[in-house]
Amino acid sequence: MKKVLLQLDADEHPSVFDAVTALDAEVDVLLRHGSVRAESVQPLIHGLLFTRGPEELHHSAVFIGGSSVTAGEAILEAVKAAFFGPFCVSVLFDANGCNTTAAAATAKIAAAAGGLEGKHAVVLGGTGPVGCRAAALLAKEGAQVLLASRTFSRAEATAQSLRERFGAAVRPVTATSPEETRRILEGAEVVLAAGAAGVTLLPESVWTSLPELKVLADCNAVPPAGIEGIKPGWNGREREGKILFGALGIGELKMRVHKACLKRLFEAGDRIWDAEEVFVEAREHMTT
Amino acid sequence: MKKVLLQLDADEHPSVFDAVTALDAEVDVLLRHGSVRAESVQPLIHGLLFTRGPEELHHSAVFIGGSSVTAGEAILEAVKAAFFGPFCVSVLFDANGCNTTAAAATAKIAAAAGGLEGKHAVVLGGTGPVGCRAAALLAKEGAQVLLASRTFSRAEATAQSLRERFGAAVRPVTATSPEETRRILEGAEVVLAAGAAGVTLLPESVWTSLPELKVLADCNAVPPAGIEGIKPGWNGREREGKILFGALGIGELKMRVHKACLKRLFEAGDRIWDAEEVFVEAREHMTT
Amino acid sequence: MKKVLLQLDADEHPSVFDAVTALDAEVDVLLRHGSVRAESVQPLIHGLLFTRGPEELHHSAVFIGGSSVTAGEAILEAVKAAFFGPFCVSVLFDANGCNTTAAAATAKIAAAAGGLEGKHAVVLGGTGPVGCRAAALLAKEGAQVLLASRTFSRAEATAQSLRERFGAAVRPVTATSPEETRRILEGAEVVLAAGAAGVTLLPESVWTSLPELKVLADCNAVPPAGIEGIKPGWNGREREGKILFGALGIGELKMRVHKACLKRLFEAGDRIWDAEEVFVEAREHMTT
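Here the structure is a predicted model, which is why all the values come from computation and not from measurement.

Enquirer: Teacher, can you tell me more about the interface of chain B and chain C here?
Expert: Quoted interface sizes are often the accessible area lost when the parts come together. At the interface, 18 residues of chain B touch 15 residues of chain C. Interface of chain B and chain C: buried area, both sides summed, is about 1,300 Å²; carbon and sulfur atoms make up 66% of it. Contact with chain C buries area across many residues of chain B, yet B:K2, B:L31 and B:T51 alone supply 39% of it, more than any other trio. For the pair chain B and chain C, the number of links is 1 salt bridge. The partner of C:D24 in a salt bridge is B:R52, with the nearest N and O atoms 2.7 Å apart. For the interface between chain B and chain C, the tally reads 4 residue pairs in polar contact (both at pLDDT 80 or more). Elements represented by at least two residues in the side of chain B that touches chain C include exactly β1 (4-9), β2 (29-33) and α2 (41-49) of chain B.

Enquirer: Is there a simple way to think about the packing of helix α2 (residues 41-49) of chain A against helix α3 (residues 69-82) of chain A in this case?
Expert: Between two packed helices, both the angle of their axes relative to each other and the distance between the axes serve to describe the pair. Residue and element names in this part refer to chain A. It is at 9 Å that the axes of α2 and α3 come closest, and there the two elements cross at 50°. By the angle class used here, α2 and α3 are oblique. In this structure, the crossing between α2 and α3 has a hand that is right-handed. Taking contact as the criterion, the partners of V41, Q42, I45, H46 and L49 in α2 are, on α3, I75, A78, V79 and A82. Grouping the constituent residues of the contact of α2 with α3 by class yields 7 nonpolar, 2 polar and no charged.

Enquirer: In this structure, what is going on with the packing of aromatic side chains? I would like to understand it.
Expert: Two numbers describe a pair of aromatic rings. These are the distance of the centres and the angle of the planes. Within this structure, the stated rule accounts for 9 aromatic pairs over all chains. Relative to C:F87, the ring of C:F84 lies with its centre 5.1 Å away and its plane at 25°, an arrangement referred to as stacked. Members of the aromatic cluster, each reached through a chain of ring pairs, are A:F50, A:F84 and A:F87. Geometry around B:W273 places B:R271 over its ring, the cationic atom sitting 4.1 Å from the centre.

Enquirer: Would you mind showing me how to read the sheet that holds strand β5 (residues 120-124) of chain C here?
Expert: Sheets are built from strands that pair by backbone hydrogen bonding, the pairs being arranged parallel or antiparallel. Residue and element names in this part refer to chain C. Ordered by their spatial adjacency, 7 strands build an open sheet running β7-β6-β5-β8-β9-β11-β10, and the pairing between neighbours is mixed. Bordering the open sheet on either side are β7 (171-174) and β10 (235-239), each of which pairs with just one other strand. Each adjacent strand pair in this sheet contributes to an overall mean axis angle of 20°, direction not counted. Here β5 pairs with strand β8 (residues 190-193) via 4 bridges, running parallel. Across the sheet, residue V123 finds its bridge partner in β8, namely L192.

Enquirer: Can you help me understand the environment of B:E180 in this one?
Expert: All names here are of chain B. By the element assignment, E180 lies in helix α7 (residues 178-185). The class of E180 is buried, set by a relative accessible area of 17%. Non-local contacts of E180, meaning those with residues more than four positions away in its chain, are made with T174 and A175. Of the polar contacts made by the side chain of E180, one reaches the side chain of T174; its length is 2.9 Å.

About the cut-offs
Residues numbered from 1 in each chain as written. Chains lettered and ligands numbered in written order. Predicted model: local features only at pLDDT ≥ 70, side-chain atom pairs only at ≥ 80, totals over all residues. Heavy atoms only, no water. Contact = heavy atoms within 4.5 Å. Buried area = accessible area lost by both parts, 1.4 Å probe. Salt bridge = Lys/Arg side-chain N within 4 Å of Asp/Glu carboxyl O. Polar contact = N/O pair within 3.5 Å; in protein donor to acceptor, adjacent residues only side chain to side chain. Helix = DSSP H or I, 4+ residues; strand = E, 2+ residues; numbered from the N terminus. Axes fitted to C-alpha atoms, helices over the stretch in contact; angles between N-to-C directions. Parallel < 35°, antiparallel > 145°, perpendicular 65-115°, else oblique. Left-handed = near helix turned anticlockwise from the far one by under 90°. Nonpolar A, V, L, I, M, F, W, Y, C, P; charged D, E, K, R; others polar. Phe/Tyr/Trp six-rings, centres within 6.5 Å; stacked < 30°, edge-to-face > 60°. Lys NZ or Arg CZ within 6 Å of the ring centre and 35° of its normal. Pairing = 2+ DSSP bridges. Buried < 20%, exposed > 50% of the residue type's maximum accessible area, 1.4 Å probe, protein only.

Following this line, the structure appears as structure tokens:
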């Protein structure tokens, strides 16, 4: 029986990235839907639930993607609401790569830092899709997390939503200048840059002058780097006594985790793979 | 050569139910199109007709689905109009499951009633996609059919359209209360409930008090049942001297018929599978 | 690893013709996108580029189709702009079949005429997608080409665009009546009719009275023929001392060339298949 993945995407064009990754993770057939709204979800999910018997239903699964995490979360809620009784399938939520990228970055950082319990961590560009979920995962692993944004109100709103969604306490801060960024980073052992492409969030002169900073990770693959001086391909490179990760270094793990989660969707028919579950998978892939 | 099924659907999102069923019926590749209008059909059909030679063309076929039977019928007419000379492919029409569900229900009822010739039958919710086609099939099998609706004008319009489309004579009646429903059912041996979800059309106190009623079938899978007291899973259950079918009982045959018709699409390249042809298939599946 | 073809089409419904042809050319999976605009291209292409490693990337490719050559060209430019450094895939451009049909027609004509160097050629309906590209290919093979249209300004604009795009010199002329068409054709050895369906561009009484005309080709498959008296199935038929090609005769080579180009997309990951490259393929297929 063919492994069928229903790809639900709020964007007009459903993601090609997510589609090719699914095919490479041995999905047999993709049913791709773009411009998906919460209100269009129920008949799509019921179509999946009512076509295969209980023993075969785990050969059908759902992937939720798209560039907007908020729109994806609304779809996820509608998918869960369409399930009833034993009628459900497994779901991977990864709008904008938020979960797989955040989980991979956090797992790399945790391993390089020798664990996160009690560590001080800063997430620059912390209000974006990857940044906010990485902040939550770092906090849940025991780190003291500052979530930095250029706008305090956005940082505060994100911190509030992480408290509600993840039960994670992160402290919102602003970082509008190199000086302010340096102040925020004083005492931090870990920094992750997850801002928008095209913006350098952390100058090299700042991070090289912070002796306690041990692990730096940058999610930006397109020049200029979010952390000046880090090359995309670095994957644990040591320099100036620090361990450095670029976007492709993180991306290598992200791709493995993404595909592993896709494969596990079809192992059982009743699991939701969101940030926490994806992170468990990422941590396992670090040790293998 | 791959078996290619062109899925034409008037809804924004082409049906996932129809897609998965086609894949499970050994279709190799689905070309799925939503928001299809009659005027967009010709180039799509010509694309199918002009790509494979005459000996290979039966590996291409068309499925017409969607929630609206009227919109589907307009697509079907446009598909037929796009054929010319020997350039045609086989087509299965099953908007809203109208044909496969109606055919499966009628075949179950016919077998349980020991044939339909001269039997009195009532279809409650007879103006919907399944109800109207089941009414036509029951009539063509020789039953005296009352087609009931809450609104007489809708029942009358449906009866008129069945006369034109199927050459089938059914009598329109109103059923707006339990008392009216009881009156309509007096003398009937067969009743099918095919109304919208969420409405109980026939109370248990009514049907248990009608001694001549022998076969009852309910197409509603979601509680409350259309015929009070029937469980979705019942598949010929005997109770109070009557034979009872629920939606999943009918649905089991519907799925087999749906898949069988999909497979037969690719046997020959020039057949239209509408209500009558699907019913022939359903009756064959009852005896095997 | 599955051969994935990203089908980009500016029409609302991506072409079924192009999809089935790709499947029959051994593409494993199609990712089909309709209503594509230049501005929606980058994330789609990046999704293709960022999912597979450099050694595997040639298993991913792009097909650009749709009924409008202009819209397709805008998509092609956007696709090229989304490539960077070693990150690219192969692309076949064939909006409205412009390249494969023009290449097949030109290759057939060249072979029948014993080469095109110095020959006089006329393209009737020369401003359409097939006509303009055939005119360019004929000119690049050395023919003296008249590009005829009912409207001089359109012929002139097309000639200008061919000069810019192909470096090909063709002379714009008008052909609004049989008399004018006869005048244009005087001295011509070759004529190709590539106008819209439903219009006879060249009466039989005209072409039979032109002794120097040796090769006639008509791209119109639907009656009436563009060149009166030519049957669609003729594939080098000799009559009145002339060699005649109809649309299906050309179409047979067009399909072989179309599929061959699709297969070659996956041989290397960095080639653009536009008119010139498709013509090379067509010429090779003439000799085998």
